[in-house]
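# Architecture at a glance
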Amino acid sequence: MQRVLAAFRQRGYKVTPQRRAVLQVIADCDGHLTPGDIHKRVCEEHPGVGLVTVYRTLDILAEMGLICEVHPDDRRRSYLLRRPDEHHHHLICSTCGRVVDFTGCQLEELEKKLCRETGFSIEGHLLEFVGRCPSCQEKVTYWAS
């Protein structure tokens, strides 16, 4: 939380009570939250914070690279505060939108190969697999029988 607040100030953004509340909700959660989830939790302590404030704060955090944004489709975006020592990727359920994080992608060799072949200077990567979670698979099997 302190790292994020310092980055905000360093970039010239004001740390308002509303933004602090949004940041606190994201920092306190280990999983991914949708903007609606964040807004609901923020409003439990700060009823006057609007959904627009949540979206604007998320936009700033995403622009600064401080949050991880997952968007399996246009309807459902979710966010997670980036941990400095954690490089992770996502499994996304195409039915319910559930997001599961995983580590250990071993893409270093592919990155080197792509740099050699394309001349790109790769700064990072995002990896998302889309499929059905066990719960949604079970529901499909149930309805098919």
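As a reminder, the structure under discussion sits directly above these lines.
It should be emphasised that the depicted structure is a prediction, and the values quoted were computed from it without experimental measurement. (Residues numbered from 1 in each chain as written. Predicted model: local features only at pLDDT ≥ 70, side-chain atom pairs only at ≥ 80, totals over all residues. Heavy atoms only, no water.)

### Thoughts on the nonpolar core
Judged by nonpolar contacts, the single largest core of 22 residues is most densely connected at Phe8, Ile26, Ile38, Val42, Leu58 and Leu61. Counting only elements with at least two residues in this core, the list comes to α1 (2-10), α2 (17-28), α3 (35-45) and α4 (51-63). If one sorts the elements of this core by residue count, α2 sits on top with 5 residues. (Core = buried A, V, L, I, M, F, W, Y, C linked by side-chain atoms within 4.5 Å. Buried < 20%, exposed > 50% of the residue type's maximum accessible area, 1.4 Å probe, protein only. Helix = DSSP H or I, 4+ residues; strand = E, 2+ residues; numbered from the N terminus.)

### What to know about α2
In a regular helix each residue adds 1.5 Å, so 12 residues correspond to 16 Å; α2 covers 16 Å between its end C-alpha atoms and thus fits that length. Where α2 is concerned, the buried positions are Arg19, Ala21, Val22, Leu23, Val25, Ile26 and Ala27. (Expected span 1.5 Å × (residues − 1).)

### Quick word on the packing of α2 against α4
For any two helices packed against each other, the geometry is given by the interaxial angle and the distance between the axes. Contact geometry of α2 with α4 gives a least axis separation of 10 Å together with a crossing angle of 70°. By the criterion of interaxial angle, the relationship of α2 to α4 is roughly perpendicular. Crossing of α2 against α4: the hand is right-handed. Of the residues in α4, those touching α2 at Gln18, Arg19, Val22, Leu23 and Ile26 are Thr53, Val54, Thr57, Leu58, Ile60 and Leu61. Of the residues in the contact of α2 with α4, the class split is 7 nonpolar, 3 polar and 1 charged. (Axes fitted to C-alpha atoms, helices over the stretch in contact; angles between N-to-C directions. Parallel < 35°, antiparallel > 145°, perpendicular 65-115°, else oblique. Left-handed = near helix turned anticlockwise from the far one by under 90°. Contact = heavy atoms within 4.5 Å. Nonpolar A, V, L, I, M, F, W, Y, C, P; charged D, E, K, R; others polar.)

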